[in-house]
Amino acid sequence: MLRYLTAGESHGEALIGIVEGMPAGVPLTAEAINHHLARRWLGFGRGGRAKLERDKIHIYSGVRFSKTIAGPIALRLDNAAYTRDRAGWPSVMAVDGTGEGVARITLPRPGHADLVGVQKYGFDDIRPVIERASARETAMRVACCTIARLLLKQFGIEVGSHVLRIGQVGFEGPEDWRARVDALAAQGGAEAVSRLADKSAVRMIDEALTAACVEHIKATKRQRDSLGGAYEVLVTGVPPGLGSYVHWERRLSGQLAQAVLSIQAQKAVEIGDGIDGARTPGSRVHDPIYREESGAYRRHSNNAGGIEGGISTGMPIIVRGFMKPIPTLVQPLGSVDLATGVPQLSRYERSDITSVQAASTVAESTVAFVIANAFLEKYGGDSLEEIQEHYASV
Ligand SMILES: Cc1cc2nc3c(=O)[nH]c(=O)nc-3n(C[C@H](O)[C@H](O)[C@H](O)COP(=O)(O)O)c2cc1C
């Protein structure tokens, strides 16, 4: 089983990650991880933090001569704010000492983890909540999950994504993008979709919509507000048979939904045309089956998003994620000071107007991890060579 664990606070010295269960012989370089880390902070509407984060991964173990050696892979990412911001973070986030003289934060932001975090852990200061609930943690997730992505790549499985909507501006329905995305993926795999999306300031594959979204973000900034949105993650080259219907936790659809909803601020997930399907008769939803001359079974359409019975069908896997608007608003909302009990408007910290573009790349990563884990469950072995033999024999 493939596992990963992240540690670290947003303004602590570093983020730490450990990936466990990777077979030996998988090509892995810091460069490949840095590429996906850089994709995470691109995007119009991201705040000052994005400019500060020039992430460079340090690999400490589990890799020798650019290949995995089966041991746990330990990773470190320095926090730019801690090392370069020079805003006193070393004392605010000091591991030792008593914290005397460090100002407490006591005004919770609606929509953030501030109030629930303090209530749950009994803090008298919101700082520790902000530090670990922050989406800075997703940088290390991207790093860990990129390793899974590199394993998939060895078997021609690619993961890509593109943004569908930012706030009120975006594609209306799958008919607006499906054909374009499917054509790109058929020619160049899911990464071809990402390559095109990465060229857009908002990771959209449509130039006119990109321009409209940029204007929408600018106008929202002027109104001192924030935006959410939606994106699509696509996985191509997936063989049939990953996941299972025999136990609830082995359903691939459930694992994917969990992986996407585990990302900060993600509020809904759709597999294939799940939402439209709920209001359409079955005869127009279910994908008719046919048999190719080679004997392989295929489907004429892919409304199921590549999964039936919790098992991959062999068609591209399609997962859509929906993100709520960023909770930190320049325009404050009603709150209460936890130290005094006095009603007060919430506070502002450096923040994004929207982070849907970043969320789409983080979701790509977490989806890759789930697919890699299911792939190893079916074809697993101790080395890449052994897995290749298992894969070829099925
Ligand atoms: C990539 C990414 C960037 C984010 N950036 C911010 C931000 O700049 N400011 C903010 O208030 N929330 C931001 N969020 C959202 C918060 O992390 C999230 O709303 C908060 O942790 C509470 O968790 P919940 O929304 O899942 O309930 C971001 C989320 C993601 C995925």
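Residues numbered from 1 in each chain as written. Predicted model: local features only at pLDDT ≥ 70, side-chain atom pairs only at ≥ 80, totals over all residues. Heavy atoms only, no water.

A. Layout of the overall build of the protein. Secondary structure summary: the protein contains 14 helices and 18 strands in total. For 394 residues, the compact-globule formula gives about 21 Å, and the C-alpha radius of gyration of the protein, at 22 Å, lands near that figure. Its C-alpha atoms give the protein principal-axis dimensions of roughly 75 × 50 × 40 Å. In the protein, 72% of the contacts between residues at least 6 apart in sequence involve partners at least 24 apart. Within the structure as shown, the protein displays about 18500 Å² of accessible surface, and the carbon and sulfur contribution to it stands at 55%. Across the protein, the mean location of the 45 positive side-chain charges is 3 Å away from that of the 44 negative side-chain charges. (Helix = DSSP H or I, 4+ residues; strand = E, 2+ residues; numbered from the N terminus. Rg over C-alpha atoms; globule rule 2.2 N^0.38 Å. Contact = heavy atoms within 4.5 Å. Areas by Shrake-Rupley, 256 points an atom, 1.4 Å probe, with all protein chains shown as cover. Lys, Arg positive; Asp, Glu negative; His and termini not counted. Charge placed at Lys NZ, Arg CZ, Asp CG, Glu CD.)

B. Representation of the sheet that holds strand β3 (residues 24–27) in the model. Pairing is antiparallel across the open sheet formed by three strands, whose spatial order is β3-β6-β5. Among the strands making up the open sheet, the edge pair consists of β3 and β5 (63–64). Inspection of the sheet shows β5 paired to strand β6 (residues 67–69) by two bridges, in the antiparallel sense. From the neighbouring strand, R64 faces β6, where its bridge partner is K67. (Pairing = 2+ DSSP bridges.)

C. Inspection of helix α9 (residues 190–198) at higher detail. Here α9 has its buried residues at A190, E191, A192, V193, S194 and A197. Where α9 is buried, its residues touch α1 (30–41), α7 (137–153), β8 (158–166), α8 (174–188), β10 (229–236) and α13 (356–379). (Buried < 20%, exposed > 50% of the residue type's maximum accessible area, 1.4 Å probe, protein only.)

D. How the structure looks around the environment of A186. Along the chain, A186 turns up in helix α8. Through-space distance from the C-alpha of A186 to that of I166 is 26 Å; in sequence the pair is 20 residues apart.

E. A look at the site of the ligand. In the vicinity of the ligand lie 18 residues, with A265, K324, T328, S351 and D352 positioned nearest. Here an oxygen atom of the ligand and a backbone polar atom of D352 are 2.9 Å apart. Out of a free accessible area of 630 Å², the ligand has 86% covered by protein chains. Here the residues of the shell around the ligand sort into nine nonpolar, six polar and three charged. (Near = heavy atom within 4 Å. Polar contact = N/O pair within 3.5 Å; in protein donor to acceptor, adjacent residues only side chain to side chain. Nonpolar A, V, L, I, M, F, W, Y, C, P; charged D, E, K, R; others polar.)

F. Structural context of the packing of α8 against α9. Relative orientation of the contacting elements α8 and α9 amounts to 120°, with a least axis distance of 6 Å. Judged on the interaxial angle alone, α9 and α8 are oblique. Between α8 and α9 the crossing geometry is right-handed. Contacts between α8 and α9 pair V181, L184, A185 and G188 from the former with A190, A192, V193, R195 and L196 from the latter. (Axes fitted to C-alpha atoms, helices over the stretch in contact; angles between N-to-C directions. Parallel < 35°, antiparallel > 145°, perpendicular 65-115°, else oblique. Left-handed = near helix turned anticlockwise from the far one by under 90°.)

G. Seen up close, helix α11 (residues 252–261). Where α11 is concerned, the buried positions are L252, L256, A259 and V260. For α11, the angular spread of the buried residues around the axis is 95°, confining them to a single face. Each element contacted by the buried residues of α11 is listed here: β10, β11 (266–271), β14 (307–308), β15 (311–312), β16 (317–323) and α13. (Arc of directions from axis to C-beta.)

H. Expanded view of the nonpolar core. With 81 residues, the main nonpolar core has L75, L252, L256, I317 and I371 as its most contacted residues. Considering every element that reaches this core, the biggest residue donor is α13, with 14 residues. Residues within four places of L256 in sequence aside, it is in contact with I271, I307, I317, V319, V367, V370 and I371. The next biggest cluster of nonpolar side chains, apart from the first, holds five residues, and it includes I105, V118, I126 and V129. (Core = buried A, V, L, I, M, F, W, Y, C linked by side-chain atoms within 4.5 Å.)

I. Summary view of the sheet that holds β11. The five strands are arranged β9-β8-β10-β16-β11 in an open sheet whose pairing can be described as antiparallel. The two strands at the open ends of the sheet, each matched to only one other strand, are β9 (169–170) and β11. Relative to β16, β11 runs antiparallel, the two being bridged by five bridges. When the bridges of β16 are listed, Q266 appears paired with M323. Its contacts with the sheet put α13 on β8, β10, β11 and β16, and the angle it makes with β8 is roughly 150°.

J. Spotlight on unusual backbone geometry. Despite not being glycine, F65 shows a phi value in the positive range, around 50°. Tracing the chain through its elements places F65 in the loop between β5 and β6. Backbone geometry at R203 places phi at a positive 60°, although glycine is not the residue there. One can find R203 in the loop between α9 and α10 (207–222).

K. Looking closely at the environment of E215. Positionally, E215 belongs in helix α10. Expressed as a C-alpha distance, the spacing of E215 and K67, which sit 148 residues apart in the sequence, is 45 Å.

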